[in-house]
Amino acid sequence: MKDFVERHRERISGVIMCFDRLIFKGYLSLGWDGQMEKFLQHKRVLIKDFGRFAKQQSQVLKLHAQDTARRHGRPYVYLAKKTRKDDLARKIAQRDNVEKGLICVLATVEPCRTFKMVGGQGRPRLVPATRSSLCVYYYYQDPQFGFMHVRLQTWLPFTIQIYLNGHEILAKKLQKHGIGYRQEDNAFLWIEDCPRAQRLADRIVRRKWHRVFSSFAGRVNPLLNDLLRWNDYYWVTDQAELATDVMFHDPASLHSLYEKLLEHAMRHFGAEDVMTFLGRKLHASFAGEIVGNVKRRWPGARIKHRMKENWIKMYDKHGSVLRVETVINQPREFK
């Protein structure tokens, strides 16, 4: 990267490496095999009554979501058909001029991992299963993290998903420290002090995130104060995108160079290189697909080298930003 920037320094205004999309999952210990049965036994609930018990708790969480929206004067919207929830939440925020706090609560039925009762010798038991259940999405304009959401599965075991965007977080930090910048969508077109901005971006990973996430969990799941009093969520990174953005002075400075980079990336990088990009080595026992392709799209093009569901891609963002992005959709591949 240093060699590349040095070679083209007359065209480049700065470089920033920052997380983009981040999705975290929170799991309760009762979501593992055997733990749910122990939980029911502790609560004196028969296994045959699991469905009825789960339905009662789901209703508590649904009413809490509706009450939260009402207390904040924000809409609670049930989505009966597939909808781009992020787009809808942004439209509501823009329409109602929401700059801070809860934007809305969106509810929809989605497939969720849970349990079901099966018969057996001696007594019935619970086994992992998938069923459709109500999920509620709390959308916020957070003063520290910007646009974000917290998704709660209202059916046992109450899994939580938290979505953040690293560029939104960094923008809030730049504002706080008085560093000028121009931003479009989830990309910075110019930053007044890139070295200082990079130090702020690097601090994102060092935050005690489990405390932040536990605080959000307490907002959306009131059962943590009652039924689940002695249970804590275990947090994991479910998906992550890390973007390296090379900011050019203008689209013309990037355009001619980008065509050469596309051609080079398609002609000279093979499967072994893609594995190297992702910190792996191509082994004879590898079972999976490694694909490289170029796709033309407005206003430019992108190249993507994919290993199963993880990939590295390069594209011209808004014409003047060269973005190289590592996308991890299956962290288990790196276990």
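For the structure itself, consult the block above.
Residues numbered from 1 in each chain as written. Predicted model: local features only at pLDDT ≥ 70, side-chain atom pairs only at ≥ 80, totals over all residues. Heavy atoms only, no water.

Visitor: Could you give an account of the layout of surface pockets, naming the residues involved and the relevant values?
Guide: Put simply, the largest pocket is a space of about 930 Å³. In this structure, the largest pocket is lined by 33 residues; those nearest its centre are Asp-86, Arg-90, Tyr-163, Asn-165 and Asp-185. (1 Å grid on protein atoms, 1.4 Å probe; cavity = no way out; pocket = protein on both sides within 12 Å on 5 of 7 lines; lining within 4 Å. Points joined across faces, edges and corners; volume = space filled by probe spheres on them.)

Visitor: Would you mind going over the pairing of strand β12 (residues 310–317) in detail, with residue names and values included?
Guide: For β12, the tally of buried residues reaches seven of eight residues, placing the bulk of the element in the interior. The antiparallel hairpin formed by β12 and strand β13 (residues 321–328) contains three residues in its connecting segment, where His-318 sits at a positive phi of about 55°. (Buried < 20%, exposed > 50% of the residue type's maximum accessible area, 1.4 Å probe, protein only. Helix = DSSP H or I, 4+ residues; strand = E, 2+ residues; numbered from the N terminus. Pairing = 2+ DSSP bridges.)

Visitor: Tell me about the side chain of His-149, and please be specific about residues and values.
Guide: Note on placement: His-149 falls in strand β5 (residues 146–153). Dropping the residues within four chain positions of it, His-149 is found in contact with Asp-86, Tyr-137, Tyr-138, Tyr-139, Gln-161, Ile-162 and Tyr-163. (Contact = heavy atoms within 4.5 Å.)

Visitor: Please give an account of the packing of aromatic side chains that cites residues and values.
Guide: Both the distance between ring centres and the angle between the ring planes are used here to describe each pair of aromatic rings. Per the counting criterion, the structure on display carries 12 aromatic pairs. Their ring planes at 55° and their centres at 5.8 Å tell us that Tyr-140 and Phe-216 sit as a pair that is tilted. Here Phe-216 lies in helix α7 (residues 209–220) and Tyr-140 lies in strand β4 (residues 125–142), a separation of 76 residues in the sequence. With respect to burial, Tyr-140 and Phe-216 carry one shared label: buried. Pairwise contacts between aromatic rings join Phe-24, Tyr-140, Phe-145, Trp-209, Phe-213, Phe-216, Tyr-233 and Trp-235 into one cluster. Taking the ring centre of Tyr-137 as reference, the NZ or CZ of Lys-85 above it sits at 4.9 Å. One residue, Arg-219, lies across the ring of Tyr-140, its end atom 5.2 Å from the ring centre. (Phe/Tyr/Trp six-rings, centres within 6.5 Å; stacked < 30°, edge-to-face > 60°. Lys NZ or Arg CZ within 6 Å of the ring centre and 35° of its normal.)

Visitor: A description of the pattern of salt bridges should follow, citing residues and the corresponding values.
Guide: With the rule as written, the count across this model stands at 20 salt bridges. Of the charged contacts in the structure, one is a salt bridge between Asp-67 and Arg-71, with a shortest N-O distance of 3.0 Å. Residue Asp-67 and its partner Arg-71 are both found in helix α3 (residues 50–71); the two are separated by four residues, about one turn of the helix. On the accessibility criterion, Asp-67 (25% relative accessible area) is partly exposed. Assessed through its relative accessible area of 48%, Arg-71 is described here as partly exposed. One salt bridge in this structure joins Arg-74 and Asp-96, with 2.6 Å as the shortest N-O distance. Of this pair, Arg-74 sits in the loop between α3 and β2 (76–78) while Asp-96 is found in the loop between α4 (85–95) and β3 (101–118), placing the two residues 22 residues apart along the sequence. (Salt bridge = Lys/Arg side-chain N within 4 Å of Asp/Glu carboxyl O.)

Visitor: A description of unusual backbone geometry should follow, citing residues and the corresponding values.
Guide: The bulk of non-glycine residues show a negative phi, and the bulk of peptide bonds are trans. Here Leu-156 and Pro-157 are connected by a cis peptide whose omega angle stands at 15°. As for its position among the elements, Pro-157 is in the loop between β5 and β6 (160–165). Its identity as a non-glycine residue notwithstanding, Asn-97 has a phi of 55°, on the positive side. Mapped onto the elements of the fold, Asn-97 is located in the loop between α4 and β3. A positive phi is found at His-318, a non-glycine position, where the angle reads about 55°.

Visitor: Describe helix α6 (residues 194–202), with residues and values.
Guide: If you check which residues of α6 are buried, you get Cys-194, Ala-197, Gln-198, Leu-200 and Ala-201. Along the long axis of α6, the arc covered by the buried residues comes to 160°, so they all point the same way. As for α6, its buried residues are in contact with β1 (12–28), α5 (166–176), β8 (187–191) and β9 (233–248). Taking the backbone nitrogen of Arg-196 as reference, a side-chain oxygen 3.2 Å away marks Asp-193 as the first, capping residue of α6. (Arc of directions from axis to C-beta. Polar contact = N/O pair within 3.5 Å; in protein donor to acceptor, adjacent residues only side chain to side chain.)

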